[in-house]
Amino acid sequence: MDIKDTARPLDGAGVSEFLRSLPARPLLLGLGEARHFVDELGEARNEIFRELVEHEGYRSFAIESDCLLGLVVDDYLTTGAGTLDDVMERGFSHGFGAFPANRELVCWMRAYNEEHDEQLRFFGFDGPLEYWAASPRQALTGLYDLLGGPLPGDVVTRQTLDTLLGPDEPWANEAAAMDPARSIGRSAEAQRLRLIADDLAALLDTQAPQLSGREAERAALYARTATGLLRYHYWMADASPARWTRLSALRDAMMAANLRAVAEHGPALIFASNLHLQRNKTLMEFGDQRLEWWSAGAIAAAHLGDRYAFLASAFGTVGDDAPPPDTVEGALSALPWDRSLVDARRLAGAAATAAPRVSRDFAYFPLDPAQLGQIDGIVFLDRAVRLKKLG
């Protein structure tokens, strides 16, 4: 098979044709990042999202960023609250607010909403964590306040809740990421808060009739974030060899729960690392350990079936690192287009004997030839040279 027969130019017509080739219309269309902070991919993503909004009925965008901070961006898009500069500073985690393509996307979504009655929505779907976790204060107190009435006070008074939470600094101690003894996740206060969070989350269903749609949506986000964060803190204090595998799995499980909530507003484009959106297990070397866990995409696909679709991204030249011709990226570099959309399942047969790529850029995750059959499509950029240096 000529590898060109598996690909088409990445343009509006190509995106629509790709969607028509899928067995079902996806509620969640994942676009993966082979590397964070690549300007060329951010620009391509924005063009894809505009095409999906204008021609395919998409109305939601979700990104691998703090789900609670994402509320700041969504409020700005739907109500105009705040300023663009403030939203970009306070509405993203992981430094994503400084990524030019994200600023351009927020500007375009806000302009769209000013001109249309049917509003575009924005979601962060990562937890308020990375290798360490934030305080559960915002999620717990936000849920408590939205529930209102006398019933939350029967679970815990607001004064007791504040006392149990204490200052935020011990919760957000980055040193606890590497040293379980520095975590407060198994303190008496934290373990009592886990029970309180569970009771408040259960109470949410009983209070649903008094909440508006937006209030119920936000309360559900607070509930799953509070319980997820406290669970994550508990296992941060674990000293067993399984600690990092469990923490990695818990993070992706929180992501997947948020993605299922986003799917209720579907169809949506979701943007995150290939590793978080892939259908297969994630494998990672971490010190002397080999970690293995199911990704958020795999969990979401288990719930949504063929209503989940995944486009991985891949690059030819990354900075000054060109792929060997016997790798998948090397073969795709022979395509005549700067940006291509590749049918990954057809490519799997043509690239069965390809060698794995080893990149000099530690932040770039090459395609695994053995996993092409688990990918629906590949967004391939011949060159990715405008990228933020990491490390």
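Note: the structure precedes this text.
Residues numbered from 1 in each chain as written. Predicted model: local features only at pLDDT ≥ 70, side-chain atom pairs only at ≥ 80, totals over all residues. Heavy atoms only, no water.

(A) How the structure looks around the sheet that holds strand 10 (residues 377-384). Read from one edge of the open sheet, eight strands run 1-9-10-8-2-5-3-4, paired in mixed fashion. Only two strands of the sheet have a single partner each, and these edge strands are strand 1 (7-9) and strand 4 (121-126). Averaged over all pairs of adjacent strands, the angle between strand axes in this sheet comes to 25°, irrespective of strand direction. Across three bridges, the pairing between strand 1 and strand 9 (residues 339-343) is antiparallel. Opposite Pro9, over in strand 9, you have Ser340 as the bridge partner. (Pairing = 2+ DSSP bridges. Helix = DSSP H or I, 4+ residues; strand = E, 2+ residues; numbered from the N terminus. Axes fitted to C-alpha atoms, helices over the stretch in contact; angles between N-to-C directions.)

(B) Inspection of the pairing of strand 5 (residues 268-273) at higher detail. Counting buried residues in strand 5 gives six out of six residues, a clear majority hidden from the surface. Across six bridges, strand 2 (residues 28-33) lies against strand 5 in parallel orientation. Looking at strand 5, one finds that Glu33 is bridged to Ser273. Across four bridges, strand 3 (residues 60-66) lies against strand 5 in parallel orientation. In the strand pairing of strand 5, Phe61 is matched with Leu269. (Buried < 20%, exposed > 50% of the residue type's maximum accessible area, 1.4 Å probe, protein only.)

(C) Region of the structure containing the packing of aromatic side chains. The final tally for this structure, using the stated rule, is 11 aromatic pairs. A ring pair is formed by Phe37 and Phe96, whose centres lie 5.4 Å apart and whose planes are at 55°; its orientation type is tilted. Of the two residues, Phe37 is situated in the loop between strand 2 and helix 2 (39-56) and Phe96 in the loop between helix 4 (84-90) and helix 5 (100-115); the sequence distance between them amounts to 59 residues. The pair formed by Phe37 and Phe96 is uniform in burial state, with each residue classed as buried. Ring pairing ties together the aromatic residues Phe49, Phe61, Phe92, Trp108, Tyr112 and Phe122, which thus form one cluster. Over the ring of Tyr234 we find Arg186; its NZ or CZ atom is 3.9 Å from the centre of that ring. (Phe/Tyr/Trp six-rings, centres within 6.5 Å; stacked < 30°, edge-to-face > 60°. Lys NZ or Arg CZ within 6 Å of the ring centre and 35° of its normal.)

(D) View of the side chain of Arg121. Examined against the element boundaries, Arg121 turns out to sit in strand 4. Relative accessible area serves as the criterion here: at 8%, Arg121 is assigned to the buried category. Looking at Arg121, its side chain comes within polar contact range of the side chain of Asp74, at 3.0 Å. Polar side-chain contacts of Arg121 include one of 2.6 Å to the side chain of Glu217. In this view, Arg121 contacts Arg59, Ser60, Phe61, Asp74, Thr78, Met109, Arg214, Glu217 and His265; residues no more than four positions away in its chain are not counted. (Polar contact = N/O pair within 3.5 Å; in protein donor to acceptor, adjacent residues only side chain to side chain. Contact = heavy atoms within 4.5 Å.)

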